[in-house]
Amino acid sequence: MRALTLLLVLLAPLASAEEAQQWLPVAGKVALLPDGALAGVEVWLQLEGGRRLVAFPLHDGSFTFSRVPLGVHTLGVEHRTLVFPAVKLDVGAARKGKVTAAAADVPGQPALSYPLLLRPLAQMEYFEKRQGFNLIAFLKTPYGMMAGFMLFSVFIMPKLKVDPEELAEMKEEQAKVAGRVKDKFSGRRRNE
């Protein structure tokens, strides 16, 4: 029994040293917001395995994740009115014992300094701003095309010049059709 206890006491420092190599702390700071308030700000860390760690910044904006496993993870900040960039963290995987970071959304971006300083990119827009009236866009719709054709028919077509010979032929055709219709109706009345 004593030998087992002695063996555990001797192996305990080795286990803690091995465990220390599997975890690293990640620290950073959320830049002071325009309104100065950090209430409602949440810093999250999405681990490779799918687990999510959450930290809330202190009054000066600093945050810490004390035990982050080695690997490549994604860090982000949630705020209800501001948009923050997502950060890709390489925790001890490429360089043993160091944390490196780069913007996750932009490939080829230079590495970010460590400890991290996260600044907001933009103000979040919840609603799309209403556009003003656009006459060209209206004319491209079916209703606009119908209105344009109607205006063309009423105001432009009557002013178009007609060939006098074609006008005479058109009047003759109308007279023939009117005569046939009149004959049909007068013939029906006689039969009745």
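The structure presented is a predicted model; accordingly, all values stated were derived computationally and were not measured. (Residues numbered from 1 in each chain as written. Predicted model: local features only at pLDDT ≥ 70, side-chain atom pairs only at ≥ 80, totals over all residues. Heavy atoms only, no water.)

## Here we look at the side chain of Asp90
Argument step 1. Mapped onto the elements of the fold, Asp90 is located in strand β7 (residues 87-91).
Argument step 2. Take Asp90: its relative accessible area is 17%, and that puts it in the buried class.
Argument step 3. Non-local contacts of Asp90, meaning those with residues more than four positions away in its chain, are made with Gly71, Val72, Lys98, Val99 and Thr100. (Helix = DSSP H or I, 4+ residues; strand = E, 2+ residues; numbered from the N terminus. Buried < 20%, exposed > 50% of the residue type's maximum accessible area, 1.4 Å probe, protein only. Contact = heavy atoms within 4.5 Å.)

## Some details on the pattern of salt bridges
Argument step 1. For the structure shown, the criterion picks out one salt bridge.
Argument step 2. Across the pair Glu78 and Arg52 runs a salt bridge whose closest N-O atoms are separated by 3.1 Å. Residue Glu78 is located in strand β5 (residues 71-78), and its partner Arg52 is located in strand β3 (residues 52-55); the two are separated by 26 residues in the primary sequence.
Argument step 3. Judged by its relative accessible area of 38%, Glu78 is partly exposed. (Salt bridge = Lys/Arg side-chain N within 4 Å of Asp/Glu carboxyl O.)

## Focus: the sheet that holds strand β1 (residues 23-30)
Argument step 1. If you walk across this open sheet you meet the three strands as β4-β1-β9, and the pairing is mixed. Each end of this open sheet is capped by a strand with a single partner; those strands are β4 (62-69) and β9 (116-118). Sheet twist, expressed as the average angle between the axes of neighbouring strands with direction ignored, equals 30°.
Argument step 2. Both β1 and β4 contribute to a ladder of six bridges, which runs antiparallel. By the bridge assignment, Gly28 is partnered in β4 with Phe63. (Pairing = 2+ DSSP bridges. Axes fitted to C-alpha atoms, helices over the stretch in contact; angles between N-to-C directions.)

## As for the confidence of the model for the protein chain
Argument step 1. Residues with a pLDDT of 70 or more make up 79% of the protein chain, whose mean pLDDT is 80.
Argument step 2. Confidence, expressed as mean pLDDT per element, reaches its minimum in the protein chain at helix α1 (residues 2-22) with 53 and its maximum at helix α3 (residues 142-156) with 93.
Argument step 3. Counting interchain partners and residues more than four positions distant, the pLDDT-below-50 stretch residues 14-20 has one contact. (pLDDT = per-residue confidence, 0-100.)

## With respect to the nonpolar core
Burial of nonpolar side chains together is a common tendency in soluble globular proteins.
Argument step 1. Judged by nonpolar contacts, the single largest core of 24 residues is most densely connected at Leu45, Phe63, Phe65, Leu75 and Leu89.
Argument step 2. When contributions to this core are tallied by element, the ones reaching two or more residues are β1, β2 (42-46), β3, β4, β5, β7, β8 (99-103) and β9.
Argument step 3. Excluding its chain neighbours within four sequence positions, the residues that come into contact with Phe63 are Val26, Ala27, Gly28, Lys29, Val30, Val43, Ala55, Pro57, Leu75 and Leu118. (Core = buried A, V, L, I, M, F, W, Y, C linked by side-chain atoms within 4.5 Å.)

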